[in-house]
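Reading the structure
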Amino acid sequence: MKVLYFAWMRERIGLPSENVETSAGTVRALVAELAAREERYAAAFADMRAVRVALDQKMSDLDAPLDGVREVAFFPPMTGG
Amino acid sequence: MAVIRVQAEDFDLGREVDAVRAGRTDIGAVVTFTGLVRDMGGGQPVSAMELEHYPGMTEAALSQIAAEAEARWPLQALSVIHRYGALNPGDQIVLVVAASPHRAAAFDAASFVMDYLKTRAPFWKKETTPDGARWVDAREEDDAAEARWRDA
């Protein structure tokens, strides 16, 4: 699936997006997989209270299943307007 | 059907209001809100701002917010225009135009769209200050401003 990062998560990880091969069943499991990869990922996912997730461009949450999901995005709380 | 635009270019308030009014005489009230880049943020001078967004989801989120406003108030027109990219203090960031037969609906709808946009539209601001560039933190007041519409 495609995984996207925005704002300081993008900067911390050093990538705007990547293709991830995973069998993670939920967002929470995917986060655990990513955070275990490297220090930069661990740093980006260190405080999950500051991380929001969207599945196929709709706001979701950590316990949401990933079945059939094509695009996962991680980002901090929004600050537009 | 609301007008939704996400663009790097500036917008013209007068032109957008003219577009809403063109060819019709049934509108009684037009309320506009324009958000600008301030030269201060978090107690520090701000010399520049970078606005990042999530192409695709941004347009969908704004359309959803506009549809909720249109379901809630008798709107005759609703435009939401939001910029992204490199901006400077004094630049325009966002425009909401709400038209209705009476003013209360137009005021409320414009306010609702801004409150929802703040917490639901995927935009992120990065400000350049004398200490360097930093991402703007979300404000608890914005969550509270959104919540008041849910209780209303």
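Residues numbered from 1 in each chain as written. Chains lettered and ligands numbered in written order. Predicted model: local features only at pLDDT ≥ 70, side-chain atom pairs only at ≥ 80, totals over all residues. Heavy atoms only, no water.

Within an unreviewed UniProt entry, the label attached to chain B reads Molybdopterin synthase catalytic subunit, and the organism entered is Pontivivens insulae. Among the UniProt annotations of chain B, the heading Function (unreviewed entry) holds the following wording: "Converts molybdopterin precursor Z into molybdopterin. This requires the incorporation of two sulfur atoms into precursor Z to generate a dithiolene group. The sulfur is provided by MoaD." The Catalytic activity (unreviewed entry) field of the UniProt record for chain B holds the comment "2 [molybdopterin-synthase sulfur-carrier protein]-C-terminal-Gly-aminoethanethioate + cyclic pyranopterin phosphate + H2O = molybdopterin + 2 [molybdopterin-synthase sulfur-carrier protein]-C-terminal Gly-Gly + 2 H(+)". (UniProt positions renumbered as here; feature names shortened; annotations may be inferred.)

In the nomenclature of an unreviewed UniProt entry, chain A is known as Molybdopterin synthase sulfur carrier subunit of Pontivivens insulae.

Moving on to the nonpolar core. Tyr5, Phe45, Phe74 and Phe75 of chain A together with Tyr54 of chain B are the most contacted members of the largest nonpolar core, which totals 34 residues. Only strand E1 (2-5), helix H1 (7-13), helix H2 (27-35), helix H3 (39-44), strand E3 (52-55) and strand E5 (71-75) of chain A provide two or more residues apiece to this core. With residues up to four places along the chain from it excluded, the contact list for Tyr5 of chain A reads Arg10, Ile13, Leu15, Pro16, Glu18, Leu34, Tyr41, Phe45 and Phe74 of chain A. (Core = buried A, V, L, I, M, F, W, Y, C linked by side-chain atoms within 4.5 Å. Buried < 20%, exposed > 50% of the residue type's maximum accessible area, 1.4 Å probe, protein only. Helix = DSSP H or I, 4+ residues; strand = E, 2+ residues; numbered from the N terminus. Contact = heavy atoms within 4.5 Å.)

Residue and element names in this part refer to chain A. Taken residue by residue, H2 has Val27, Leu30, Val31 and Leu34 as its buried positions. Looking straight down H2, one finds its buried side chains confined to an arc of 100°; they lie on one side. On its buried face, H2 is in contact with E1, H3, E3 and E5. (Arc of directions from axis to C-beta.)

Here we come to the packing of helix H3 (residues 103-120) of chain B against helix H4 (residues 140-151) of chain B. Residues and elements named next belong to chain B. Following both chains from N to C, one finds H3 and H4 inclined at 130°, their axes separated by 9 Å at the closest point. With respect to their mutual orientation, H3 and H4 come out oblique. The crossing of H3 and H4 is left-handed. Residues Asp108, Ser111, Phe112, Asp115, Tyr116, Lys118, Thr119 and Arg120 of H3 pack against Asp142, Asp143, Ala145, Glu146, Arg148, Trp149 and Arg150 of H4. The residue inventory of the contact of H3 with H4, partitioned by class, reads four nonpolar, two polar and nine charged. (Axes fitted to C-alpha atoms, helices over the stretch in contact; angles between N-to-C directions. Parallel < 35°, antiparallel > 145°, perpendicular 65-115°, else oblique. Left-handed = near helix turned anticlockwise from the far one by under 90°. Nonpolar A, V, L, I, M, F, W, Y, C, P; charged D, E, K, R; others polar.)

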